[in-house]
Amino acid sequence: MRIVVFVKPVPEAETRLRPSADGARLDTDGVKWVLSGYDESAIEQALLLKEANAGSEVRAVTYGPSPRSEEVLRACLALGCTSAGWVEAPADLPPDVRLKVRALRQAAVRWPADLYLLGQQSLDTESGLLPLALAMALGVPGANGALDLAFDAARNELSFERSSEAGVEEWRLPSPSVIGLKQAKNDPRSAKLQNILKSRKMPIDRIPAVELPAAPEVTGNANRFRFELPPPRTGARLIEYAAPDEAAEKLVRVLREEAKVFP
Amino acid sequence: MPDFSLTEEQSSLREMARKFARTEMAPKAAECDRTPRFPEEVYRKAWELGLMNLNVPAEYGGSGLSALDQCLIVEELAYGCAGMTTSIIANCLALEPILLGGTEEQKRRFLPPFCAEYHLASFCLTEPAGGSDAGAISTRAKRHGDGYRLTGEKCFITNAPHASLYTVFATVDPELRHKGISAFVVPRSAPGVTPGKDEEKMGHRASSTSTVRFEEVEVPPSDRLGAEGDGFPIAMRTLDQTRTPIGALATGIAQAALDHAAAYSLKRHTFGKPISEHQAIQVKLADMATRVQASRLLTWSAAARIDRGEPGTLDSSIAKTFASDAAFAVADDAIQIHGGYGYMKEYPVEKLLRDAKLTQIYEGSNEIQRIVIARELLKRYA
Amino acid sequence: MSGPTLLLAETGPRGLQAASLETIGVARALAGEGPVVAVIFAGPSDTATAALAAAGADKVLCLRHPFLEEGRGAACAFVVAEIARELGVELLLVGGTPFGREVAGALATAWDALAATQVTEVRRTANGYSLKRPVFGGRASESLELAGPRVVLALRPNSFGGAPPTPRACAIEEHPVPTIPPALLPGTRVRVRPAESSAGPDLGTAPIVVAGGRGFKSPENFHLLEELAASLGAAAGASRAVTDAGWRPGSYQVGQTGRSVSPQLYIAVGISGAIQHLVGMMSSRVIVAINSDPNAPIFRVADYGIVGDLFAILPPLTKAIRTARGLPT
C-alpha cells in the first residue's frame, strides 16, 4: 500500500502568540515549528496501515519554506515514514485553500498513492478545508473527520468511522481517496532516539517552487489583514457563599443579570 | 564545539529528551516524590525510545552516544525529574564496567539483552563501612574451583530491587587494598543474591535505592571483567565516564529552579509591583542564571574533552563539583524567592533542593572530587 | 450584486439544524433587500423544509437524492455549485458543522471560490467580504478580506446572535438534481449508529453546554449532570478522562480529540481544565467552572467560578435554575 501523508509545520503548542509589527500576522520570530496534533495522528494512522499491510510505503509531504519544512519532515522520517517530499513555497501564502491545493497536487501527481491522508485541520488556522478541496481537485473520493482507518487490500477499499449529527457513520471508500483524519486508534507514537539519528541522513525529495505552474489561475484575492489576541482572561470571578444554596442562587443571578446568558 | 553551537542532530536529540521530560516525567514528578513511587511505566517508555542505554555502542544495540550527546539528554531529563533521571541513567553506570573491562565475548553476551528488552542493571561498589574509600571494600571473592564465591553487602545501590544484573566489585584479599579488587557480573537470579528493602530518601524519591546482600554467590571465571585485580581501575575509569553526566543532571535541576523562580517573580506582587522589579530579587536571578550557564559550559567542555579521547578526570571532577554545588545554591535561591510558598510542598521548588543535595554526594562526594581536582592540578606544578 | 444569496441548509435526526437557522439570519443581514435562496436536500412537505421557509428565506429549493441526503460533501458541493452558477450567486453560506466544513472545502475547488470556515463576524466591503475567525484554538483571531466573484463561508455556530429574521413570503420549489459525475459517487455508507447522546440538543451546536469531568468520581453520579443540563435545556458533554474511562459515551467528549464547542454558556463541572480540553471550549462566550480545587486551571479561563464540592452544589443549582425558569422542581 502506498500512502502519502500531507503535513504542515505549525508553531509548537507552548508558543507565546504575538502579532507581527504590522498587526497582520503571527510574529514567527523564534517560533519552533512542529507537527500538529492532527498531523501526528495522521502519521500514526499511516504507520499502523503500513504495519498491517506488508510492503507498504509511507511518504510524508509538506509544502512551505525552509528550514521548517525539513524539520517536520525529519520528524516524520524519525517516526517511521519511509520517504519525504517537500514542495517549496513561500512562508506566507494568502489564506486561499486553492493555492495549497495547487502546491499539493504537484506532489500527488509525482507520488501516486492508494491513500492521501491529512490531519482533519491544521492546529494554527484550523480551516479544515483542504481534504475535500484536494479530493475534488484530484478527482477522487474524499472525506474529513475520519476515525480509525483500515484498508481492505482484496476489495481495494478504505473503511473508517466518523461522527456526524446523525450518529457514528461507518464508511467504505474505494482507493485512492483523500481522507482527513480526526484520530487514529492509538495515541501518536514518539520517535526513538536511534531513528532520530538515522532520519538525519535520509534524503528529502524536493519539488522546487519554479516547477509550480502558474496555471490554473484562481479567481479572486484573499488577504489576511489582522492577527490579534483576545483580551486576556483575568481568571474567574469566584462566587462567595456560606451554603451551597446561596452559591446556586448567586450564580443564577449573575448569569441572568450580568452575563445575560440565562435561557 | 569551540563556538558552543550544537549540530542539528544534537538539537533534535535534545528536543526529543525535552519532550519526553515534559510530557512523561514532569507530570508525575510530584506524585512519585510524595508517595514515593518507582514509576516503572516511565522507565519502560524511556527504554523503548532509546533513552536508557545511551553509552552502549550501536553494534550491541544501544544508542552509542558521545559524552556530550549524553549530557544534552541527561540535562533535559533532569529538568523533568532528577530522581527518575537517576534511575534512567543507572544502566549507563552499571554497564560501563563491561564496556571498559569486558572481553568482546562478554560484551556480546551481556549488553545486547539490555537493548533488546527492558532490563535494569545496578552498579555495586559502595559498602556500608566505606563509601568514598573505595579501596577499603570488604565484600569477599573467595576462589572456589576455577571461579569465585562472593560474600558481602553493598549499599545505596540505585535500582537494586528492580535490576536483573549487577556489576559487583569484590576483593580476593582485603590486605591488598586496591590491588585485590576485581569486577564481576552477577545475575539477580544467582542463588545467594538478595536485594534489600527500598530506602526512605530525602530526595530522588522516584528512584529506588537499597542494599544488596551476596551470600556465597557462585561466579564462574567467565563472568569476571578484566584480570584479577583490575577491579579498582575499572571502577575509577567508569566513574570518570559517568561523572560528567552528573554535572548535566545537576544543571537540569538548576535550570528548572531558575525557570520556576523567574516565572514566579513576574507573577508575585509585593509593595505594589512584581517582585521581579525589586533589585534584591534581580540580583538573585542574575546569580542563578550565571551559575546555570557556567555549569552547562563546564559540563560541555568536560564532555568534549572525553569525546576527543583526552584524559577527562580533572575536567569531569570540576564540572560535577561546580554544577552540583551550583544546583544546590540555585534551588536554595529559588525557594528564597518563593518565600513561604517555596517551603510548601505544594510548590515544586523545595523538591529541587532535596534532589540537588544528592548530586553533591553521589558518584564521588564533592569532598573526594576536590581531592581529585587538587591532585590532578598539583601534578602540573610538581 | 447580481444573483441571490444562497445558503445550504442541513438536516439531522432532529430536523433542521440550529446552525442552518442561524445562517439564514446572517444571509438576510448580508443580502439587504436582495433575495435569499435556501437549498435543502429534503422534500417540499418535510418539516425541515417548512421550518426553513418560515425562518426568513425568499425561496427554498428542494432536491432529493439518496447520496445528497447522506451528506456526501463532494456530491453536495457539486450540486450546489451547479445551482450557484445557474442563479449567478456570489455569496454562499453554510453552517459551521462537520458537514458544512466538508462542503465549503469541496466548493472552493468545484465552484472556484474563496472559502473560509469558523467565521464569527462578517461584513460586506467594496471588494467582497471582510470577516473574522478564531485561530489557534481561540487563543487568537485573524481577520481576512475575501475579494472575488465567488465566496463560500461556513459560520461558527452560536456566533451570530440577534433577533431571528422576520418571516416573509417564501416559495418552495422542487429542483431537478443535476447529473452528478461518477467520480463523486463511489463509496458506501455502511450504516449509522445513532449517537448515544443525552436527550438534549446536539452538543456541537447547542447554545448551552454543561460538561462533567473526573470530579464526578463514578458513572452513577452523572445523573446530576444530566439533570442540570435538562434544567437549562443544554447539551451534556464530558472531558476526555470521563469518556476514556467509559463513564460516558465517546460522543460526549469535548476537546481537541472530541467535539469543539462554542456555546453562549459553558458550565464545566469537576473538570480540572487540561489544555486538550480547553482548546475545545475556550471560545465559548461565558464560561462557568465548578470545582473543588481552587488551583484548577479551568478557573483561569472561566468567567465565573464556584469553589466547592459538586455533589453539594449541583442539586441546589438545578433546583434554583428550574425555579427561575418556572419549571416544576
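Digging into the overall build of chain A
Argument step 1. Summing up its helical and strand segments, chain A has 6 helices and 13 strands in all.
Argument step 2. Taken along the three principal axes of its C-alpha coordinates, chain A extends 65 × 45 × 45 Å.
Argument step 3. In chain A, which comprises 263 residues, the proportion classed as buried is 54%.
Argument step 4. Considering only contacts within chain A whose residues lie at least 6 apart along the sequence, 71% involve residues at least 24 apart.
Argument step 5. When the accessible surface of chain A is summed, it comes to about 11,200 Å², and 50% of that surface belongs to carbon and sulfur atoms.
Argument step 6. Put simply, chain A has 34 plus and 36 minus side-chain charges, and the middle of one group is 4 Å from the middle of the other.

Some words on the packing of aromatic side chains
Residues and elements named next belong to chain B.
Argument step 1. What the rule picks out here adds up to 10 aromatic pairs over all chains.
Argument step 2. Note on Tyr 264 and Tyr 347: the rings are 6.3 Å apart at their centroids and 85° apart in plane angle, and the pair reads as edge-to-face. One end of the pair, Tyr 264, is in helix H7 (residues 231-267); the other, Tyr 347, is in the loop between helix H9 (313-338) and helix H10 (349-359), with 83 residues separating them in the sequence.
Argument step 3. Among the residues examined, Tyr 264 registers a relative accessible area of 9% and is labelled buried.

Concerning unusual backbone geometry
Argument step 1. The omega torsion of the bond from Ser 66 of chain A to Pro 67 of chain A falls at 0°, within 30 degrees of zero and hence cis.
Argument step 2. Note on placement: Pro 67 of chain A falls in the loop between strand E4 (57-64) and helix H2 (68-79).
Argument step 3. Omega for the bond connecting Ser 175 of chain A with Pro 176 of chain A falls within 30 degrees of zero, at 0°, which places this linkage in the cis form.
Argument step 4. Here Pro 176 of chain A lies in the loop between strand E9 (167-174) and strand E10 (177-183).
Argument step 5. Positioned with a positive phi, Phe 136 of chain C is a non-glycine residue whose angle comes to about 50°.
Argument step 6. Here Phe 136 of chain C shows up in the loop between strand E9 (129-135) and strand E10 (140-147).
Argument step 7. On the accessibility criterion, Phe 136 of chain C (10% relative accessible area) is buried.

A closer look at the domain arrangement of chain B
Residue and element names in this part refer to chain B.
Argument step 1. With domains assigned, chain B is organised as domain 1 (8-116), domain 2 (121-228) and domain 3 (233-379).
Argument step 2. Between domain 1 and domain 3, the residue contacts involve 24 residues of the former and 28 residues of the latter.
Argument step 3. Taking both partners together, domain 1 and domain 3 bury about 2,100 Å²; carbon and sulfur atoms supply 69% of that area.
Argument step 4. The largest share of the area that domain 1 buries against domain 3 comes from Glu 75, Tyr 79 and Leu 100, three residues that together contribute 27% of it.
Argument step 5. For the pair domain 1 and domain 3, the interface holds 2 salt bridges.
Argument step 6. The partner of Asp 33 in a salt bridge is Arg 354, and the shortest N-O contact between them spans 2.7 Å.
Argument step 7. Our count for the contact surface shared by domain 1 and domain 3 stands at 7 residue pairs in polar contact (both at pLDDT 80 or more).
Argument step 8. Looking at the side of domain 1 that touches domain 3 residue by residue, the classes come out as 14 nonpolar, 6 polar and 4 charged.

Description of the domain arrangement of chain A
Argument step 1. Annotation of chain A at the domain level lists domain 1 (2-211) and domain 2 (234-263).
Argument step 2. A separation of 45 Å is found between the C-alpha centroids of domain 1 of chain A and domain 2 of chain A.

Concerning empty space enclosed by the protein
Picture a little ball the size of a water molecule; that probe, rolled over the atoms, points out where space is still empty.
Argument step 1. Applying the stated criterion across every chain yields a total of 3 cavities of 30 Å³ or more.
Argument step 2. In this structure, the largest cavity encloses a volume near 230 Å³.
Argument step 3. Around the largest cavity, the lining is made up of 19 residues, and of these Lys 8, Leu 118, Gln 121, Ser 122 and Leu 130 of chain A lie nearest the centre.
Argument step 4. Secondary-structure elements contributing two or more residues to the lining of the largest cavity are helix H3 (97-110), strand E6 (115-119) and helix H4 (130-138) of chain A.
Argument step 5. Of all the elements, H3 of chain A adds the most residues to the lining of the largest cavity, at 3 residues.
Argument step 6. Taken together, the residues of the lining of the largest cavity break down into 9 nonpolar, 7 polar and 3 charged.
Argument step 7. What lines the second largest cavity is a set of 14 residues, among which Gly 142, Trp 171 and Leu 173 of chain A together with Arg 72 and Gly 73 of chain C lie closest to the centre.
Argument step 8. Sort the elements by how many residues they give to the lining of the second largest cavity and helix H4 (residues 73-87) of chain C lands first, with 3 residues.

Quick word on the interface of chain B and chain A
Argument step 1. Taken together, the contact between chain B and chain A spans 18 residues of the former and 12 residues of the latter.
Argument step 2. When the two sides are added together, the surface that chain B and chain A hide from each other amounts to roughly 1,200 Å², 57% of it contributed by carbon and sulfur.
Argument step 3. If you look at where chain B meets chain A, you find 3 salt bridges.
Argument step 4. Glu 8 of chain B is the partner of Arg 200 of chain A in a salt bridge, and the nearest nitrogen-oxygen pair spans 2.8 Å.
Argument step 5. Breaking the side of chain B that touches chain A down by element, the ones donating at least two residues are helix H1 (8-34) and helix H2 (40-48) of chain B.
Argument step 6. Tallied by class, residues from the side of chain B that touches chain A come to 7 nonpolar, 5 polar and 6 charged.

A word on the interface of chain A and chain C
Argument step 1. Taken together, the contact pairs 80 residues of chain A with 93 residues of chain C.
Argument step 2. Carbon and sulfur atoms make up 56% of the surface buried where chain A meets chain C, a total of about 7,000 Å² over both sides.
Argument step 3. Ranking the residues of chain A by area buried against chain C places Met 136, Glu 165 and Arg 233 of chain A at the top, with a combined share of 12%.
Argument step 4. Our count for the contact surface shared by chain A and chain C stands at 9 salt bridges.
Argument step 5. For Glu 142 of chain C, the salt bridge goes to Arg 224 of chain A, with nearest N and O atoms at 2.6 Å.
Argument step 6. Applying the counting criterion to the chain A and chain C interface returns 39 residue pairs in polar contact (both at pLDDT 80 or more).
Argument step 7. When residues of the side of chain A that touches chain C are assigned to their parent elements, the largest contribution, 11 residues, is made by helix H6 (residues 244-258) of chain A.

Focus on the environment of Leu 131 of chain C
Residues and elements named next belong to chain C.
Argument step 1. Within the secondary structure, Leu 131 is located in strand E9.
Argument step 2. Distance in space between the C-alpha atoms of Leu 131 and Ser 143 is 5.5 Å, their sequence separation being 12 residues.
Argument step 3. If near-sequence neighbours (up to four positions away) are discounted, Leu 131 is found in contact with Ala 116, Val 119, Glu 121, Val 122, Glu 142, Ser 143, Leu 144, Leu 146 and Leu 153.

Side note on the environment of Ser 41 of chain A
Argument step 1. Of note, Ser 41 of chain A is situated in helix H1 (residues 37-52).
Argument step 2. With 147 residues separating them along the chain, Ser 41 of chain A and Pro 188 of chain A place their C-alpha atoms 5.4 Å apart.

As for the nonpolar core
Argument step 1. Within the largest apolar cluster, 125 residues are counted, with the highest numbers of intra-cluster contacts made by Ile 43 of chain A together with Leu 150 and Val 186 of chain B.
Argument step 2. Sort the elements by how many residues they give to this core and H7 of chain B lands first, with 11 residues.
Argument step 3. Look past the residues within four positions of Val 186 of chain B in its chain and what remains in contact with it is Leu 150, Leu 165, Tyr 166, Val 168, Val 193, Phe 214, Val 217 and Val 219 of chain B.
Argument step 4. If you look at the next biggest cluster of nonpolar residues, it comprises 60 residues, including Val 4 and Leu 129 of chain A together with Ala 84 and Ala 106 of chain C.

What counts and how
Residues numbered from 1 in each chain as written. Chains lettered and ligands numbered in written order. Predicted model: local features only at pLDDT ≥ 70, side-chain atom pairs only at ≥ 80, totals over all residues. Heavy atoms only, no water. Helix = DSSP H or I, 4+ residues; strand = E, 2+ residues; numbered from the N terminus. Buried < 20%, exposed > 50% of the residue type's maximum accessible area, 1.4 Å probe, protein only. Contact = heavy atoms within 4.5 Å. Areas by Shrake-Rupley, 256 points an atom, 1.4 Å probe, with all protein chains shown as cover. Lys, Arg positive; Asp, Glu negative; His and termini not counted. Charge placed at Lys NZ, Arg CZ, Asp CG, Glu CD. Phe/Tyr/Trp six-rings, centres within 6.5 Å; stacked < 30°, edge-to-face > 60°. Domains from an automatic or database assignment. Buried area = accessible area lost by both parts, 1.4 Å probe. Salt bridge = Lys/Arg side-chain N within 4 Å of Asp/Glu carboxyl O. Polar contact = N/O pair within 3.5 Å; in protein donor to acceptor, adjacent residues only side chain to side chain. Nonpolar A, V, L, I, M, F, W, Y, C, P; charged D, E, K, R; others polar. 1 Å grid on protein atoms, 1.4 Å probe; cavity = no way out; pocket = protein on both sides within 12 Å on 5 of 7 lines; lining within 4 Å. Points joined across faces, edges and corners; volume = space filled by probe spheres on them. Core = buried A, V, L, I, M, F, W, Y, C linked by side-chain atoms within 4.5 Å.

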